[in-house]
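Per-entry structural report
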Amino acid sequence: MTSRTAVLAHAARLARHAPSILNTQPWQWRIGRHTAELRPDNARLLAQVDPEHHLALLSCGAALHHAVVAIRARGWDVAVDRGTDPLARITLAGTAAPEFTDLAAAITHRHTDRRPFGAQPPSGEIIADLRRAVLPHGFDTHLVRRDEVPLLAAATARAASDAAHRPGHTAEVAHWASGGSSAGGIRPVPMRALHGPATGDGDIGARYLILHGGADREWLRAGEALSALLLTATVRGVSCSPMSELVEAPWPRGLLATLIGGAAHPYLVIRIGYPVHDEPPPAASRRPAAETTSSMFTGALPL
Ligand SMILES: Cc1cc2nc3c(=O)[nH]c(=O)nc-3n(C[C@H](O)[C@H](O)[C@H](O)COP(=O)(O)O)c2cc1C
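Nothing here was measured: the structure is a model prediction, and the numbers come from that model. (Residues numbered from 1 in each chain as written. Predicted model: local features only at pLDDT ≥ 70, side-chain atom pairs only at ≥ 80, totals over all residues.)

Before going further, it helps to examine the domain arrangement of the protein. Segmenting the protein into domains produces domain 1 (3-108 + 287-295) and domain 2 (124-273). The gap between the C-alpha centroids of domain 1 and domain 2 is 22 Å. In this assembly, 30 residues from domain 1 lie in contact with 30 residues from domain 2. Secondary structure elements with two or more residues in the side of domain 1 that touches domain 2: helix 2 (54-73) and helix 3 (101-106). (Domains from an automatic or database assignment. Contact = placed C-beta atoms within 7 Å. Helix = DSSP H or I, 4+ residues; strand = E, 2+ residues; numbered from the N terminus.)

This is the structure:
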């Protein structure tokens, strides 16, 4: 067992904490002496909610970024090759000065927070920080203007109601919301209603970022950008919840594209703000490391 293998196994273990659609954690790692391969877990893809597997790829991208951050924080340089099979191959290049230690430390503290957010919006400086985090991944964000929130709210409600009428959709969400076939899990709360600034209701200080990229179909890289944004938010003490209903069907995704303007392709909406209550939200369960990680050679992995 080389120490490189141990570093890669450590990365795969930490990557289990990445966010994923309906907490499916749809990834598999294969660890070798110098490389780790990432593949989707075909048993955990969502035929109804995510028939094109875009959100599974986004989730795998988030796991990939978590793994890379964990490795670089341990003082190793990595090369990442992206493809289709495997989705990504991480190769340990050599030792280097530790980087991203703050992001790595945030991995086990980051949780999706679906609770109402209070009146205080994140500062312009913090929002700029979050927006900067996605740039190295080839992505950008659109900060939804206050006067655009009612449109976002109406589209979210319409997308949710359309989805509820698709055959099999509700049953699939219920299956995974109760933990799927093997992992126990919390029930992801249905999408929060978005409120306009004048309602006097919760979520007044919530802001919404639309993650977008210049190229379409870059779902794995979008997941890497999402992870960078969410971990940066955790470091800066901002709570987030990803909202995918608006990208799950073509028409709301088209509407998001018109909000952004230009030729950009929307990948996800992220709600950011500060919850009214201070305590952290409940942590969602994770699959055991042995279920998401296997070895390229015989012998136990240091999981
Ligand atoms: C691609 C993607 C889409 C998601 N969409 C939603 C969503 O529409 N609504 C929601 O409440 N949470 C959404 N989430 C958050 C997941 O439900 C959450 O990551 C998962 O349950 C694990 O919990 P954690 O983020 O607290 O670790 C999404 C996450 C990802 C990666």
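Below, the discussion takes up the environment of Ala-154. Checked against the element boundaries, Ala-154 lands in helix 5 (residues 149-164). Between the alpha carbons of Ala-154 and Gln-120 there is a distance of 23 Å; along the sequence they are 34 residues apart.

Most of strand 8 (residues 265-273) is tucked away, with eight of its nine residues classed as buried. By the bridge criterion, seven bridges tie strand 6 (residues 207-213) to strand 8 in an arrangement that is antiparallel. The partner of Ile-210 across the bridge, within strand 8, is Val-269. For strand 7 (residues 239-243) and strand 8, the ladder comprises five bridges, and the chain directions are antiparallel. Counted as the bridge partner of Ser-239 is Gly-273 from strand 8. (Buried ≥ 20, exposed ≤ 12 C-beta atoms within 10 Å, placed from the backbone. Pairing = 2+ DSSP bridges.)

Okay, the sheet that holds strand 2 (residues 35-40) next. The five strands are arranged 3-4-2-1-9 in an open sheet whose pairing can be described as mixed. Unpaired on one side and paired on the other, strand 3 (76-82) and strand 9 (293-295) mark the two borders of the sheet. When the angles between neighbouring strand axes are averaged without regard to direction, this sheet yields 25 degrees. (Axes fitted to C-alpha atoms, helices over the stretch in contact; angles between N-to-C directions.)

Quick look at the site of the ligand now. Not every one of the 20 residues close to the ligand is listed here, only the nearest: Pro-19, Asn-23, Thr-112, Ser-244 and Ala-284. Of all the elements in the fold, those that place two or more residues in the shell around the ligand are helix 2 and strand 7. For the shell around the ligand, the element with the most residues is helix 2, which contributes four residues. Split into classes, the residues belonging to the shell around the ligand amount to eleven nonpolar, seven polar and two charged. Counting only domains with at least three residues in the shell around the ligand, you end up with domain 1 (3-108 + 287-295) and domain 2 (124-273). (Near = placed C-beta within 6 Å. Nonpolar A, V, L, I, M, F, W, Y, C, P; charged D, E, K, R; others polar.)

Tracing the backbone through its elements, the reader meets Leu-135 in the loop between helix 4 (124-134) and strand 5 (139-143). Through-space distance from the C-alpha of Leu-135 to that of Pro-26 is 25 Å; in sequence the pair is 109 residues apart.

To continue, consider the sheet that holds strand 5. Spatially, the four strands line up as an open sheet ordered 5-6-8-7, and their pairing is antiparallel. At either end of the open sheet lies a strand with only one pairing partner, and these are strand 5 and strand 7. If you compare each strand with its neighbour and ignore which way they point, the axes differ by 30 degrees on average. With five bridges joining them, strand 5 and strand 6 adopt antiparallel strand pairing. Across the sheet, the residue bridging to His-142 is Ile-210, located in strand 6. Against the sheet, helix 7 (residues 219-235) engages strand 5, strand 6, strand 7 and strand 8, with an angle of about 10 degrees to strand 8.

Between helix 2 and helix 7, the least distance of the axes is 6 Å, while the angle of their chain directions is 55 degrees. Between helix 2 and helix 7, the angle falls in the class oblique. With respect to the hand of their crossing, helix 2 and helix 7 are arranged in right-handed fashion. Contact residues: helix 2 offers His-54, Leu-57, Leu-58, Ser-59, Cys-60, Gly-61, Ala-62, Leu-64, His-65, His-66 and Val-69, while helix 7 offers Trp-219, Leu-220, Arg-221, Ala-222, Gly-223, Glu-224, Leu-226, Ser-227, Ala-228 and Leu-231. Here the contact of helix 2 with helix 7 is composed, by residue class, of twelve nonpolar, seven polar and two charged. (Parallel < 35°, antiparallel > 145°, perpendicular 65-115°, else oblique. Left-handed = near helix turned anticlockwise from the far one by under 90°.)

Moving on: the packing of helix 1 (residues 3-15) against helix 2. As a packed pair, helix 1 and helix 2 sit with axes 8 Å apart at the nearest point and diverge in direction by 135 degrees. What the angle tells us is that helix 1 and helix 2 run oblique. Regarding helix 1 and helix 2, the two cross each other, and that crossing is right-handed. Across the interface between the two elements, Val-7, His-10, Ala-11, Ala-12, Leu-14 and Ala-15 from helix 1 touch Ala-63, His-66, Ala-67, Ala-70 and Ile-71 from helix 2. Partitioning the contact of helix 1 with helix 2 into residue classes produces nine nonpolar, two polar and no charged.

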